[in-house]
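Residues per chain are reported as follows:
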Amino acid sequence: MATRSAHTDTHHHHGDHDHPEHHHARICAACTTRAPVAAAACPGCTRPLPVDPLATYFDLLYPPPSTPSSSGPGSDGNEESPLRAAPTAAPLWLCDLADARRQFLSLQRAIHPDKYAGGDDGAAKSMAEGQSAVVNRAHTTLRDALLRAEYLLDLLGIPLLESSAGSPAALADPQFLAMVMDTREAIDDAETLSDLDAVSDDIAGMRIQAMRDLGAAFALLPNPLAYPKPKVTRTSPGAEAARGAVGKLRYLKNMSAAVAERRAELE
């Protein structure tokens, strides 16, 4: 089982039986509108609703198309995110961040706790606070490439960490490790901001390659939102490549932080 990161949430991790058709439609107590399984707020009156405990961050931020039949009283509430129909994990990795941002802002407007401040509906305010926190975590995770990749590996059940010490997945790329060592040395030896600019350019180039490697790996891996839930192991095509690419992104993030620290010292 994958080691859970701080950005993941146990209420948003799929098991073998996790298909929306297994969930009961939720009916808003305030207006009786049937809500899609992953809706954080009632589509009729915008009252906060408990998110389906099996809904993923992708379900929250990429809901089914809004149609009268999907949100009205006659809906069965089982509409799915269009991302669930994707054959591989690649569309989840390449998800449209602008769409996620729009949905995030829409949900936050609908369930912002301040809407219930000073009112008599304490239960609604408490639910809004909880839902707002979940929506925030979803947006923070999916908009960041590294967090999104780690979340996808977690959904797929691919372990990322090899030990309790937290060491990243083994990087079987000696050329990359050599570049990491050279880059670390270049950061320590930098005497001008121009020196650091050159190092930043090198890091950016390595990051672009790691992102491309992740795209290729996720194109080989099944969609973790599919039903039946796909069985994935470390020997599955693309699994080791994805782990290695995520490990590289972690190294590169640390090196970017080291560049920022060195830049502060020189300025």
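Remember, it's a predicted structure, so these values are computed and weren't measured experimentally.

1. Here's the deal with the overall build of the protein chain
Alright, step 1. Per the secondary structure count, the protein chain includes nine helices and two strands.
Alright, step 2. By the burial criterion, 45% of the 267 residues in the protein chain qualify as buried.
Alright, step 3. Considering only contacts in the protein chain between residues 6 or more positions apart, those separated by 24 or more positions represent 71%.

2. Notes on unusual backbone geometry
Alright, step 1. The linkage connecting Tyr227 with the following residue, Pro228, adopts the cis geometry, with an omega of 0°.
Alright, step 2. Residue placement: Pro228 occurs in the loop between helix 8 (193-220) and helix 9 (239-266).
Alright, step 3. Of note, the phi angle at Thr32 is positive, near 65°, even though the residue is not glycine.
Alright, step 4. Mapped onto the secondary structure, Thr32 falls in the loop between strand 1 (26-27) and strand 2 (34-35).

3. Looking at the nonpolar core
Alright, step 1. Formed by 57 residues in total, the largest nonpolar core has its most connected members in Phe58, Leu61, Tyr62, Leu214, Phe218 and Leu221.
Alright, step 2. Those elements giving two or more residues to this core turn out to be helix 1 (57-61), helix 3 (90-93), helix 4 (97-111), helix 5 (122-143), helix 6 (145-156), helix 7 (174-189), helix 8 and helix 9.
Alright, step 3. Of all the elements, helix 9 adds the most residues to this core, at nine residues.
Alright, step 4. For Leu221, the residues in contact, after removing those within four places along its chain, are Thr88, Ala89, Leu156, Ile158, Val232, Pro237, Gly238, Ala239 and Ala242.
Alright, step 5. The next biggest cluster of nonpolar side chains, apart from the first, holds five residues, and it includes Cys28, Ala35, Cys42 and Leu49.

4. Thoughts on the state of the cysteines
Alright, step 1. Counted according to the given criterion, the structure contains zero disulfides.
Alright, step 2. Summary of cysteine pairing: Cys28 is not part of a disulfide, and the nearest cysteine sulfur, belonging to Cys45, is at 3.6 Å.
Alright, step 3. With relative accessibility at 1%, the residue Cys28 sits in the buried group.
Alright, step 4. Cysteine Cys42 is unpaired, with the sulfur of Cys31 as its nearest cysteine sulfur at 3.4 Å.

5. Here we look at the packing of aromatic side chains
Alright, step 1. By the definition in use, this model includes four aromatic pairs.
Alright, step 2. Measuring from ring centre to ring centre gives 4.6 Å for Tyr57 and Tyr151, while their planes differ by 20°; the resulting arrangement is stacked. Highlighted residues: Tyr57 in helix 1 and Tyr151 in helix 6, separated in sequence by 94 residues.
Alright, step 3. Put simply, the rings of Tyr57, Phe58 and Tyr151 touch in pairs and so form one group of aromatic residues.
Alright, step 4. Sitting above the plane of the Trp93 ring, Arg148 keeps its charged end 4.6 Å from the centroid.
Alright, step 5. The ring centre of Phe176 lies 5.3 Å from the NZ or CZ of Lys248, which sits over that ring.

6. Considering the confidence of the model for the protein chain
Alright, step 1. Of all residues in the protein chain, 78% attain a pLDDT of 70 or more, and the chain-wide mean is 80.
Alright, step 2. Per-element averaging of pLDDT across the protein chain places helix 2 (residues 68-71) at the bottom with 35 and helix 3 at the top with 97.
Alright, step 3. Scored below 50 in pLDDT, residues 1-18 shows 54 contacts in the model against residues more than four places distant or in partner chains.
Alright, step 4. Across residues 20-24, confidence stays below pLDDT 50; counting only partners more than four residues off in sequence or on other chains, it has ten contacts.

7. Side note on the pattern of salt bridges
Alright, step 1. Following the criterion strictly, the structure yields eight salt bridges and no others.
Alright, step 2. The shortest N-O distance in the salt bridge between Arg102 and Asp99 comes to 2.2 Å. On the criterion of helical spacing, the pair formed by Arg102 and Asp99 is a turn pair, its members being three residues apart in helix 4.
Alright, step 3. We note a salt bridge from Arg243 to Glu240, for which the minimum N-O separation is 2.9 Å. Of the two residues, Arg243 and Glu240 both sit in helix 9, three residues apart, roughly one turn of that helix.
Alright, step 4. We classify Glu240 as partly exposed; its relative accessible area is 38%.
Alright, step 5. Overlapping salt bridges, with partners in common, bring together Arg234, Glu240 and Arg243 in one network.

The rules behind the values
- Residues numbered from 1 in each chain as written.
- Predicted model: local features only at pLDDT ≥ 70, side-chain atom pairs only at ≥ 80, totals over all residues.
- Heavy atoms only, no water.
- Helix = DSSP H or I, 4+ residues; strand = E, 2+ residues; numbered from the N terminus.
- Buried < 20%, exposed > 50% of the residue type's maximum accessible area, 1.4 Å probe, protein only.
- Contact = heavy atoms within 4.5 Å.
- Core = buried A, V, L, I, M, F, W, Y, C linked by side-chain atoms within 4.5 Å.
- Disulfide = S-S within 2.5 Å.
- Phe/Tyr/Trp six-rings, centres within 6.5 Å; stacked < 30°, edge-to-face > 60°.
- Lys NZ or Arg CZ within 6 Å of the ring centre and 35° of its normal.
- pLDDT = per-residue confidence, 0-100.
- Salt bridge = Lys/Arg side-chain N within 4 Å of Asp/Glu carboxyl O.

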